[in-house]
Amino acid sequence: MSPTTPISIHADRGAGRLEIVWDDGHETAYDTTTLRWLCPCAFCRGEAGMPGWLDSGPTLTPEQTRLTDVTMVGGYAIAPTWGDGHHTGYYTFTLLRDRCPCPACVARRGGEAGAIAGPIADRHEEHA
């Protein structure tokens, strides 16, 4: 069993949720707003030492948090497509598991809510 291997990924677009069941039995559910804040792409997170768009703390519109599609990227990630057309974020399974917003995972991280703490606090370690 691997804690970062999903056995089920369900995008409930109507409810605005992405649900993942992991190989070790853990279940993760992201609301689409939290998931959009977690976008790891260069535009959202920055590159070459420059901050990304999400680092500026924008107000997300309903279209920017409306999930329209989710595709697999190899055997290691998913790529959501958002209502505003954004689709370049590859959310690795490791990232999705590490940032799981369930109470048990938040407690394991010492109370740091990860993806729900806000735009600046969400930054991945490599961008901090």
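So, here is what we can say about the structure in this document. Sequence positions are assigned chain by chain, starting from 1 and proceeding in written order. Two thresholds apply to this predicted model, a pLDDT of at least 70 for residue-level local features and 80 or more for giving and counting side-chain atom pairs, whereas whole-chain, interface and lining totals are computed over all residues. Water and hydrogen atoms play no part in the side-chain values, which are based on all heavy atoms of the structure.

## Notes on the state of the cysteines
Here comes step 1: By definition, disulfides here are pairs of cysteine sulfur atoms that lie within 2.5 Å. Applying the stated criterion to the full structure yields zero disulfides.
Here comes step 2: Lacking any disulfide linkage, C39 is separated from the closest cysteine sulfur, that of C44, by 3.7 Å.
Here comes step 3: You can see C41 has no disulfide; the closest cysteine sulfur is in C44, sitting 3.7 Å from it.

## Considering the nonpolar core
Here comes step 1: One finds L35, Y91 and L96 to be the most contacted residues of the largest nonpolar core, which totals 20 residues.
Here comes step 2: Excluding its chain neighbours within four sequence positions, the residues that come into contact with Y91 are L35, R36, L38, C39, P40, Y76, A77, I78, P80, W82 and L96. In this text, buried Ala, Val, Leu, Ile, Met, Phe, Trp, Tyr and Cys residues form a nonpolar core when linked through side-chain atoms within 4.5 Å. A simple rule labels every residue: compare its accessible area, found with a 1.4 Å probe on the protein chains alone, to the largest value its type can have, and call it buried under 20%, exposed over 50%, or partly exposed in between. Contacts are residue-level and defined by heavy atoms, with any inter-residue pair within 4.5 Å sufficient.

## Quick look at the sheet that holds strand β3 (residues 27–31)
Backbone hydrogen bonds hold the strands of a sheet together, and the pairing may be parallel or antiparallel.
Here comes step 1: Two strands are counted as paired when DSSP detects at least two bridges linking them. For the purposes of this entry, the term helix denotes a DSSP run of H or I that reaches at least four residues, the term strand denotes a run of E that reaches at least two, and both are numbered from the N terminus. Spatial ordering of the open sheet is given by β1-β2-β3, a layout of three strands whose pairing is antiparallel. Edge positions in the sheet fall to β1 (6–12) and β3, since each of these pairs with one other strand and no more. Within the sheet, the average angular offset between the axes of one strand and its neighbour, ignoring direction, is 10 degrees.
Here comes step 2: In this structure, β1 lies alongside strand β2 (residues 17–22), joined through six bridges in antiparallel fashion. Following the sheet pairing, H10 is matched in β2 by E19. Every axis in this analysis is a line fitted to C-alpha atoms, fitted for helices over the stretch in contact. Angles between the N-to-C directions lie between 0 and 180 degrees.

## Quick notes on the pairing of β3
Here comes step 1: Taking every second residue as pointing to the same face, the buried face of β3 carries T28 and Y30, while none of E27, A29 and D31 on the other face is buried.
Here comes step 2: Where β2 lies against β3, five bridges are found, and the strand directions are antiparallel. Across the sheet, the residue bridging to I20 is T28, located in β3.
Here comes step 3: With antiparallel pairing between neighbouring strands as the criterion, β2 and β3 make up a hairpin whose turn holds four residues, including G25 at a positive phi of roughly 95 degrees.

## Brief notes about the environment of P62
Here comes step 1: Of note, P62 is situated in the loop between β5 (50–51) and β6 (67–73).
Here comes step 2: Sequence spacing of P62 and D84 is 22 residues, and the spatial spacing of their C-alpha atoms is 8.9 Å.

## Examining the pattern of salt bridges
Here comes step 1: Salt bridge, as used here, is a side-chain nitrogen of Lys or Arg placed within 4 Å of a carboxyl oxygen of Asp or Glu. All told, the structure shown has five salt bridges when counted by the stated rule.
Here comes step 2: R36 is paired through a salt bridge with D84; the nearest N and O atoms lie 3.2 Å apart. One end of the pair, R36, is in helix α1 (residues 32–37); the other, D84, is in the loop between β7 (77–82) and β8 (91–92), with 48 residues separating them in the sequence.
Here comes step 3: Given a relative accessible area of 1%, R36 falls into the buried group.
Here comes step 4: For D84, a relative accessible area of 37% gives the class partly exposed.
Here comes step 5: We note a salt bridge from D55 to R45, for which the minimum N-O separation is 3.4 Å. Residue D55 is located in the loop between β5 and β6, and its partner R45 is located in helix α2 (residues 42–45); the two are separated by ten residues in the primary sequence.

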